[in-house]
Amino acid sequence: MDTIKEAFLFGIQNEIKAKNLYSLLHKAFFEAEVGSIFKELIELENIHKQKLIEQFEKLFPNEKPEIDPKAMYSFHSEIDLKDANDVLQFAISMEQSAHDKYDELAAQTDNDEIKELFNYLASEEDNHKQLLEDEIERIHGAMTWFDPSELNGLQED
């Protein structure tokens, strides 16, 4: 990014894209348990967008950020939108890209407050990625929902 303003506009637009993506996915998987993860992510992306807008308005008090509220990520034709695993893998890749970009933006600024915000957002994108990865594990039955030590004394020797 050439300027801090462009970095903020990118971030705001990126959060809108993510929210819109998760809104569509929530509708597509509404009947399935997978839909609930997208609902949670919609709320988180809204919070991030608002933090970026607040900081933008603080830095540029006489300006409103120009954003497209209907912006979307483009889907690759090889993604099967009916396959929860494919959709979750796509969402994970988007979260990783967002993390990398926020990390890059944090490294490009000398302003401590802005650096802290972009580092925070990079960390949040990692958290989103982990939520999605956990959902994949849950779908595949790979997660253990109990502490194995709870079984002590219940197993036959």
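The structure reproduced in this document is the subject of the present report. The numbers attached to residues start from 1 for each chain and follow its sequence in the written order. Note on the predicted model: pLDDT of at least 70 is required for a residue's local features to be given, and 80 or more for side-chain atom pairs to be given and counted; whole-chain, interface and lining totals, by contrast, use all residues. Side-chain metrics rest on all non-hydrogen atoms present in the structure, leaving aside hydrogens and water.

## Considering empty space enclosed by the protein
Each cavity reported here is a set of points on a 1 Å grid over the protein atoms alone in which a 1.4 Å probe fits but cannot get out, each pocket an open set with protein on both sides within 12 Å along at least five of seven lines, and each lining residue one with an atom within 4 Å of a point. Grid points are joined across faces, edges and corners, and a volume is the space filled by probe spheres set on the points. Counted by the stated rule, this structure contains one cavity of 30 Å³ or more. Considering only enclosed or pocket space, the largest cavity measures out at about 30 Å³ in volume. If you go around the largest cavity, the residues you meet are Asn14, Glu15, Ala18, Tyr22, Glu45, Tyr73, Met94, Glu95, Ala98 and Glu125. Strands are runs of DSSP state E lasting at least 2 residues, helices are runs of H or I lasting at least 4, and numbering of each runs from the N terminus. With four residues, helix α1 (residues 4-28) is the largest single contributor of residues to the lining of the largest cavity. Gly falls in the polar group here, along with every residue not listed as nonpolar (Ala, Val, Leu, Ile, Met, Phe, Trp, Tyr, Cys, Pro) or charged (Asp, Glu, Lys, Arg). Of the residues that constitute the lining of the largest cavity, the class distribution is five nonpolar, one polar and four charged.

## Looking at the pattern of salt bridges
Should a side-chain nitrogen of Lys or Arg be within 4 Å of a carboxyl oxygen of Asp or Glu, the pair is scored as a salt bridge. The final tally for this structure, using the stated rule, is five salt bridges. Put simply, Lys64 and Glu57 hold a salt bridge, and the shortest N to O gap is 3.1 Å. Residue classification places Lys64 among the exposed positions, given a relative accessible area of 63%. For the exposure calls, accessible area comes from a 1.4 Å probe over protein chains only, and a residue counts as buried if that area is under 20% of its type's maximum, exposed if over 50%, partly exposed in between. Among the residues examined, Glu57 registers a relative accessible area of 28% and is labelled partly exposed. Between Glu135 and Arg138 there is a salt bridge whose closest N-O contact spans 2.6 Å. With Glu135 and Arg138 both in helix α4 (residues 112-139), this residue pair falls three residues apart, about one helical turn. For Glu135, a relative accessible area of 8% gives the class buried.

## Section: the nonpolar core
Core analysis: the largest hydrophobic core is formed by 20 residues, its most contacted members being Leu21, Tyr22, Phe38 and Leu132. For this core, the elements supplying multiple residues, two or more each, are α1, α2 (34-59), α3 (84-108) and α4. Here, the term nonpolar core denotes a set of buried Ala, Val, Leu, Ile, Met, Phe, Trp, Tyr and Cys residues that are joined through side-chain atoms within 4.5 Å. Membership of the second largest hydrophobic core comes to 17 residues, among which are Phe8, Phe60, Ala98 and Leu105.

## Details of the packing of α3 against α4
Only C-alpha atoms enter the line fits that serve as axes; for helices the fit covers just the stretch in contact. Angles between N-to-C directions range over 0 to 180 degrees. Two elements in contact, α3 and α4, have axes whose closest approach is 8 Å; the angle formed by their N-to-C orientations is 165°. By the angle between their directions, the pair α3 and α4 is classed as roughly antiparallel. Crossing geometry of α3 relative to α4 is assigned as left-handed. When describing relative orientation, an angle under 35 degrees is termed roughly parallel and one over 145 degrees roughly antiparallel, while 65 to 115 degrees is termed roughly perpendicular and anything else oblique. Handedness of a helix crossing follows the sense of rotation of the near helix relative to the far helix, less than a right angle counterclockwise being left-handed and clockwise being right-handed.

## Looking at the side chain of Thr109
Here Thr109 shows up in the loop between α3 and α4. Of the residues examined, Thr109 reaches a relative accessible area of 6% and is grouped as buried. Throughout this description, a polar contact denotes any pair of N or O atoms lying within 3.5 Å of each other; where both atoms belong to protein, one of them has to be capable of donating a hydrogen while the other can accept it, and for residues adjacent in sequence the pair is counted only when both atoms sit in side chains. At a separation of 3.1 Å, a polar atom in the side chain of Thr109 contacts the main-chain amide nitrogen of Asn111.

## Section: the packing of α1 against α3
One way to put it is that α1 packs onto α3 with a least axis distance of 12 Å and a crossing angle of 170°. One way to sum up the angle between α1 and α3 is to call them roughly antiparallel. Like other packed secondary-structure pairs, α1 and α3 cross with a definite hand, here left-handed. The segment α1 lies against α3, with Ala7, Phe10, Gly11, Asn14, Glu15, Leu21, Tyr22 and Leu25 engaging Val87, Phe90, Ala91, Met94, Glu95, Ala98, Lys101, Tyr102 and Leu105. Each residue belonging to the contact of α1 with α3 can be placed in one class, and the counts come to twelve nonpolar, two polar and three charged. What makes two residues a contact is simply this: any of their non-hydrogen atoms within 4.5 Å.

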